[in-house]
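Close look at the chain arrangement
Here's the letter readout for the chains.
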Amino acid sequence: MQPAHDIALLLARFQFAFTVGVHIIFPAFSIGLAAYLAVLEGCWLKTGRSVFLDLYRYWIKVFSIVFGMGVVSGLVMSYEFGTNWSVFSQKAGPITGVLLSYEVMTAFFLEAGFLGIMLFGMNKVGRKLHFAATCCVSVGTLISMTWILSSNSWMQTPRGYMIDPATGRFMPADWLAIIFNPSFPFRLVHMGLAAFLSVAFIVGATGAWHMLKARREGKAATAPVRTMFSMAMWMAAIVAPLQIMAGDAHGLNTLKYQPAKIAAMEGDWDSTARAPELLFGIPNMKTEHTDYAVKVPLLGSLILTHSLEGKVPGLKDFPRDQRPPSQVIFFSFRIMVALGVLMMLLGFWSLWLRRTRTLFTNAVFHRVAVCMAPAGFLALLCGWVTTEVGRQPWTVYGLLRTSQSVSPIMLPSMAVTMTAFVVVYVIVFGSGIGILVRQLGHAPQEGEQETSSANASDILAERMHPEVIESTSGKGA
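Residues numbered from 1 in each chain as written. Predicted model: local features only at pLDDT ≥ 70, side-chain atom pairs only at ≥ 80, totals over all residues. Heavy atoms only, no water.

What about the nonpolar core?
Core analysis: the largest hydrophobic core is formed by 95 residues, its most contacted members being Phe29, Tyr36, Trp59 and Phe63. With near-sequence residues (within four places) excluded, tyrosine 36 lies in contact with Leu55, Trp59, Val203, Met228 and Met231. Of all hydrophobic cores here, the second largest spans 19 residues; its members include Phe88, Ile179, Val396 and Leu400. (Core = buried A, V, L, I, M, F, W, Y, C linked by side-chain atoms within 4.5 Å. Buried < 20%, exposed > 50% of the residue type's maximum accessible area, 1.4 Å probe, protein only. Contact = heavy atoms within 4.5 Å.)

If you want it as structure tokens, here you go:
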């Protein structure tokens, strides 16, 4: 029975990781894109230039698709807490459940209340009121991120709680300490910058794609295409270095509160001062050694402690049953860092092209920008894997193990639901991403059409079979 239980636990973990991994892309996209829309509308109101309005109308169609997929993908996780992780919900619910309910009552209600005005109210309310609605939706996405990260950060660095001796439940003792736990500020900044950077590279890649397409057709790129590409490259040049700095601060915080995670990320087994940095290797959990290691002397201590003499923890400092799986986060962390460096270099390259006045004509740069389209989201996923897998074997760090948090589930039912989730997600969200890519395949035009309920009906009619259209029209007549 024990092997079957272990496999069921592994499937439960994989199912939640799969659903969260799909979901996290869409809220991050919504956060960055909502802020971009607020900037575009603000620039339009400030300058009166129609190019900003054209871009607003173009990207709000993308936002409506992304926002819808984010809501749908997020609903599933609420049920998983009850079906697969009922013990965790019972014990940590008095804290995490309250934080998540705050997210619904503040952020989601704010977004839902103003979303209709934002999407369909451009010509129905005043310009300033519509801009206020766009800002409210943008602020709502940021508030939502804040509560979600506060809850997750508390699981990483729990504070402000007491444990009920009768039930073993985590009870709130100090809400300020719970909300503003030690890792929360660092993770909030890191996640927010990741969302902005991810969207900047999607916007930049879209602009680069349409400039390459216009060049192939012997045409000049439209003003909206050039404008959004320029704005995206400014974001890359500014935000990518800030993100690396925020990641460094987050690493120092993690070293203080979760040293085992740092040791697993670095592939270090022995605690030592003047530690090298492992650029590559294959951590071996059985032999307690990192095979094929490629090291840079002293760099590990310098990066992790900002001192050449700094002491770096090793996995041997911790019991075997409290070590995170180093093989996974060793590589996910390095992929995240490599993508961050590439994004920063692309941003710096764009600054050089601005200086030489070739930003809109350098085809090589445009092709690289297109290839970098998913870089932000890939780095985001790798960072999420590093954070969550690095917390293992705990759900509440140092207090509640993952094996103690799972529901009493059976292997056959877990296997069936896991298969069903993968199939349904591939069909539903694969179709949604296809629609999204198709929308991005159309270049923004001068005089871009506004999103409206009538437009939505026309788009739906185009997708319907001709016989259905005729029958519908006959009934309406």
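The structure having been displayed, the exposition proceeds.
Some points on the packing of aromatic side chains
All chains considered together, the criterion is met by 21 aromatic pairs. Among the aromatic residues, those joined into a ring-pair cluster are Phe14, Phe18, Phe26, Phe421, Tyr425 and Phe429. Against the face of tryptophan 209 rests arginine 216, its NZ or CZ located 5.6 Å from the ring centre. A cation sits over an aromatic face here: arginine 334 above phenylalanine 330, 3.6 Å from the ring centre. (Phe/Tyr/Trp six-rings, centres within 6.5 Å; stacked < 30°, edge-to-face > 60°. Lys NZ or Arg CZ within 6 Å of the ring centre and 35° of its normal.)

Re empty space enclosed by the protein
Over the atoms rolls a probe the size of a water molecule, and in doing so it shows where empty space is left. Tallied over the entire structure, the rule returns two cavities of 30 Å³ or more. Roughly 40 Å³ of internal volume is contained in the largest cavity. Here the element with the most residues in the lining of the largest cavity is helix α7 (residues 223-257); it accounts for three residues. (1 Å grid on protein atoms, 1.4 Å probe; cavity = no way out; pocket = protein on both sides within 12 Å on 5 of 7 lines; lining within 4 Å. Points joined across faces, edges and corners; volume = space filled by probe spheres on them. Helix = DSSP H or I, 4+ residues; strand = E, 2+ residues; numbered from the N terminus.)

Topic: a positive patch on the surface
There is a patch of like positive charges on the surface, built from Lys213, Arg215, Arg216 and Arg367. Residue position: arginine 367 is located in helix α11 (residues 363-371). (Patch = residues over 30% accessible without salt bridge, like charges linked within 9 Å, V, L, I, M, F, W, Y side chains within 5 Å. Areas by Shrake-Rupley, 256 points an atom, 1.4 Å probe, with all protein chains shown as cover. Salt bridge = Lys/Arg side-chain N within 4 Å of Asp/Glu carboxyl O. Lys, Arg positive; Asp, Glu negative; His and termini not counted. Charge placed at Lys NZ, Arg CZ, Asp CG, Glu CD.)

Section: the pairing of strand β4 (residues 277-284)
The side chains of a regular strand alternate between the sheet's two faces. Across six bridges, β4 lies against strand β5 (residues 289-296) in antiparallel orientation. The residue bridging proline 283 from the neighbouring strand is threonine 290, located in β5. Taking the residues between adjacent antiparallel strands as the criterion, β4 and β5 are bridged by four residues, where glutamate 288 takes a positive phi near 55 degrees. (Pairing = 2+ DSSP bridges.)

What about the pattern of salt bridges?
For the coordinates displayed, the defined rule picks out ten salt bridges. A salt bridge links arginine 391 to glutamate 388; the shortest N-O distance between them is 2.8 Å. Overall, the relative accessible area of 7% leaves arginine 391 in the buried class. Put simply, Arg187, Glu388 and Arg391 are held in one network by salt bridges that share partners.

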